[in-house]
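# Coordinate inspection notes
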Amino acid sequence: MDSIIVKGGQELHGQIPIAGAKNACLTLMPATLLSEEPLTLTNAPRLSDIILTMSRLLESLGVEVSSLQDGQVQVLSSKSISNHKADYDIVRKMRASILVLGPMLARDGHAVVSLPGGCAIGARPVDLHLKGLEALGAELDLRDGYVHAKAPKGLRGGVFEFPIVSVGATENVLMAASLAKGTTVLKNAAREPEIVDLADCLIRMGAQIDGAGTSTITIQGVDRLNGATHPVIVDRIELGTYMLAPAFTGGEVELLGGRLDLVEAFAAKMDEAGISVEATKNGIKVTRKNGRVNAVNVVTAPHPGFPTDLQAQFMALMCTADGTSVLEERIFENRFMHAPELMRMGAQIDVQGGTATVTGVDKLKGAPVMATDLRASVSLILAGLAAEGETVVNRVYHLDRGYERVEEKLSACGAQIERVKGNG
Ligand code: UD1
């Protein structure tokens, strides 16, 4: 398995291009199952979750997937769905696989999809996906670890209020409702930019959707959807991650393609920490002058709140802040696995349930650490950039699921970072 070695202490100066959003692409790709005509996604990120896992899952269902321009363009053609069963072997690797359920069911009236099972950051059930589809008339049967779904007369519109905000469940039901008979109203829907991007793509395909980006989405079902070409929205989590890089090291970095409207709550916390963030013609510029950053408290929340996917990276920054900060994780119940790894680097963190109290130290020290999940792994790389000495981040396959060419992007700004290939 590959490792990443970071030698800390270099200021960062330069530009980092931000890729298309992984989480948007993972919901846009299954949307191809809604139409017989090709869906072309441009600005796709070149990540293993996209190029390997989701592509293979769709291919197993009979979708033709062509990856062009080094993976930045994905052409998906789903003339007919030849297999309606999403196998455990693929689904267990990636939770977003459950997103094929709604589209297959809406198009052909039946689908069998493996339950994704647990995952490192919490139990993460799919009950809301299932309840939402039931509200559209789906008949569901859970047996042998699979959801067996039927809608013999097709799905019909309905009103469904999500008991808690769920990004994936909103996406699954939104896709299904696009082909249901009649009107669907989704209440307490997720408002993430990736939902807006999915709705924009579905509208390009001929869907009738109002209110995406607010908590009430109204969908007027149509008989069929056509093909379309759609650019994947910029990745606000990759953006936030690289916005933090100069905050750790000092210096000035411009994030090309970055949009402040996608990261408002996060940028407000950067500002409180004493980091300058400004919009430029080509993106966002982040500057940190000398001195320690201020300690800042953070509570994660659904969009437009502070994203849980940036909590690990922000915690790493707080490890050397001037004072004590309190970080509350309110989305996932077990998302502090980076804390013990950061403590190996000298951080002072006290975790009690969903609350982490971080007492800033003057400097972190390089150490061998283990990447436990996607965002945790990048938080360790950021910490390594500012630490004294060498940090070796092991098990970086998590990183490759969510960050393309991380070592190239950071070393272009002056970081000393390299990948060491492992065997297998
Ligand atoms: C998506 C993102 C992930 C991000 C998360 C929250 C993708 C591919 N992944 O994940 O990076 O961290 O949003 O912003 O887009 N829940 C249930 N029942 C369900 C579904 C969810 O109880 O049926 C719970 C989850 O356990 C969690 C909360 O709802 O506590 C929010 O999860 P959700 O918004 O669904 O996250 P994902 O869509 O899985």
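This one's a predicted model, so the numbers in the text were calculated from it and none came from an experiment.

## As for the overall build of the chain
Scanning the chain from N- to C-terminus turns up 14 helices and 24 strands. Its C-alpha radius of gyration of 21 Å places the chain within 12% of the 22 Å reference for a compact globule of 424 residues. Burial status across the chain gives 56% buried among its 424 residues. When contacts within the chain are restricted to residue pairs at least 6 apart in sequence, those whose partners lie at least 24 apart make up 74%. When the accessible area of the chain is evaluated, it comes to approximately 16,200 Å², of which 48% is carbon and sulfur surface. If the 41 positive side-chain charges of the chain are averaged to one point and the 49 negative ones to another, these points end up 2 Å apart.

## With respect to the site of the ligand
Surrounding the ligand, one finds 18 residues, the nearest of these being Asp127, Leu128, Ser166, Asp309 and Ile331. Here an oxygen atom of the ligand sits 3.1 Å away from a polar atom, N or O, in the side chain of Arg95. Here Asp127 contributes a side-chain N or O atom positioned 2.6 Å from a nitrogen atom of the ligand. Among the elements of the structure, helix H5 (127-135) and helix H6 (167-178) are those that each provide at least two residues to the shell around the ligand. In terms of residue count, H5 provides more of the shell around the ligand than any other element does, three residues in total. Residue classes in the shell around the ligand are distributed as eight nonpolar, five polar and five charged.

## Focus: the domain arrangement of the chain
The assigned domain composition of the chain is domain 1 (3-18 + 234-420) and domain 2 (22-231). A C-alpha centroid distance of 31 Å is found between domain 1 and domain 2. Buried area between domain 1 and domain 2, both sides added, is near 1,800 Å², and the carbon and sulfur share of it is 46%. Of all residues in domain 1, His303, Arg401 and Glu404 give up the largest surface area on contact with domain 2, accounting jointly for 34% of the area buried on that side.

## Observations concerning the packing of helix H4 (residues 101-108) against H6
The geometry of H4 relative to H6 is characterised by a closest axis approach of 8 Å and an angle of 15° between their N-to-C directions. In this view, H4 runs roughly parallel relative to H6, as classed from their interaxial angle. In the packing of H4 onto H6, the handedness of the crossing is right-handed. On the side of H4, the interface is formed by Leu101, Gly102, Pro103 and Ala106, while H6 contributes Asn172, Met175 and Ala176.

## Concerning the sheet that holds strand S2 (residues 12-17)
Spatially, four strands are ordered S2-S15-S17-S16 in an open sheet, and the strand pairing comes out mixed. Only two strands of the sheet have a single neighbouring strand rather than two, namely S2 and strand S16 (276-279). Within this sheet the neighbouring strands show an average axis-to-axis angle of 15°, counted without direction. Sheet topology note: the S16/strand S17 (residues 283-288) ladder contains four bridges and is antiparallel. For Glu278, the partnering residue across the bridge sits in S17 and is Lys285.

## Section: the side chain of Asp309
Along the chain, Asp309 turns up in the loop between strand S18 (298-299) and helix H10 (311-318). For Asp309, a relative accessible area of 14% corresponds to the buried category. What Asp309 contacts, discounting residues up to four positions off in sequence, is Asn23, Ile237, Arg335 and Arg375.

## A short note on H6
Compared with the 16 Å implied by 1.5 Å per residue over 12 residues, the 17 Å span of H6 between its first and last C-alpha is a close match. Among the 12 residues that make up H6, 11 are buried, leaving the element largely enclosed by the rest of the structure. Of all the positions in H6, only Gly168, Ala169, Thr170, Glu171, Asn172, Val173, Leu174, Met175, Ala176, Ala177 and Ser178 are classed as buried. Among the residues of H6, the N-terminal cap falls to Ser166, whose side-chain oxygen and the backbone nitrogen of Ala169 are separated by 3.0 Å.

## Describing the environment of Gln15
Locating Gln15 in the fold gives a position in strand S2. Distance from Gln15 to Leu255, taken between C-alpha atoms, is 5.9 Å for residues 240 residues apart in sequence. Once you skip the residues sitting within four places of it in the chain, Gln15 turns out to touch Glu254, Leu256 and Cys413. At a separation of 2.9 Å, a polar atom in the side chain of Gln15 contacts the side chain of Glu254.

## Digging into the packing of aromatic side chains
Under the defined criterion, the tally for this structure stands at five aromatic pairs. Arranged with centres 6.5 Å apart and planes meeting at 85°, the rings of Tyr242 and Tyr403 form a pair that is edge-to-face. Of this pair, Tyr242 sits in helix H8 (residues 236-249) while Tyr403 sits in the loop between helix H13 (397-400) and helix H14 (406-411), placing them 161 residues apart in sequence. A centroid spacing of 5.8 Å and a plane angle of 55° characterise the contact between Phe266 and Phe306, whose relative ring orientation is tilted. Of this pair, Phe266 sits in helix H9 (residues 264-272) while Phe306 sits in the loop between S18 and H10, and the two are 40 residues apart along the sequence.

What counts as what
Residues numbered from 1 in each chain as written. Predicted model: local features only at pLDDT ≥ 70, side-chain atom pairs only at ≥ 80, totals over all residues. Heavy atoms only, no water. Helix = DSSP H or I, 4+ residues; strand = E, 2+ residues; numbered from the N terminus. Rg over C-alpha atoms; globule rule 2.2 N^0.38 Å. Buried < 20%, exposed > 50% of the residue type's maximum accessible area, 1.4 Å probe, protein only. Contact = heavy atoms within 4.5 Å. Areas by Shrake-Rupley, 256 points an atom, 1.4 Å probe, with all protein chains shown as cover. Lys, Arg positive; Asp, Glu negative; His and termini not counted. Charge placed at Lys NZ, Arg CZ, Asp CG, Glu CD. Near = heavy atom within 4 Å. Polar contact = N/O pair within 3.5 Å; in protein donor to acceptor, adjacent residues only side chain to side chain. Nonpolar A, V, L, I, M, F, W, Y, C, P; charged D, E, K, R; others polar. Domains from an automatic or database assignment. Buried area = accessible area lost by both parts, 1.4 Å probe. Axes fitted to C-alpha atoms, helices over the stretch in contact; angles between N-to-C directions. Parallel < 35°, antiparallel > 145°, perpendicular 65-115°, else oblique. Left-handed = near helix turned anticlockwise from the far one by under 90°. Pairing = 2+ DSSP bridges. Expected span 1.5 Å × (residues − 1). Phe/Tyr/Trp six-rings, centres within 6.5 Å; stacked < 30°, edge-to-face > 60°.

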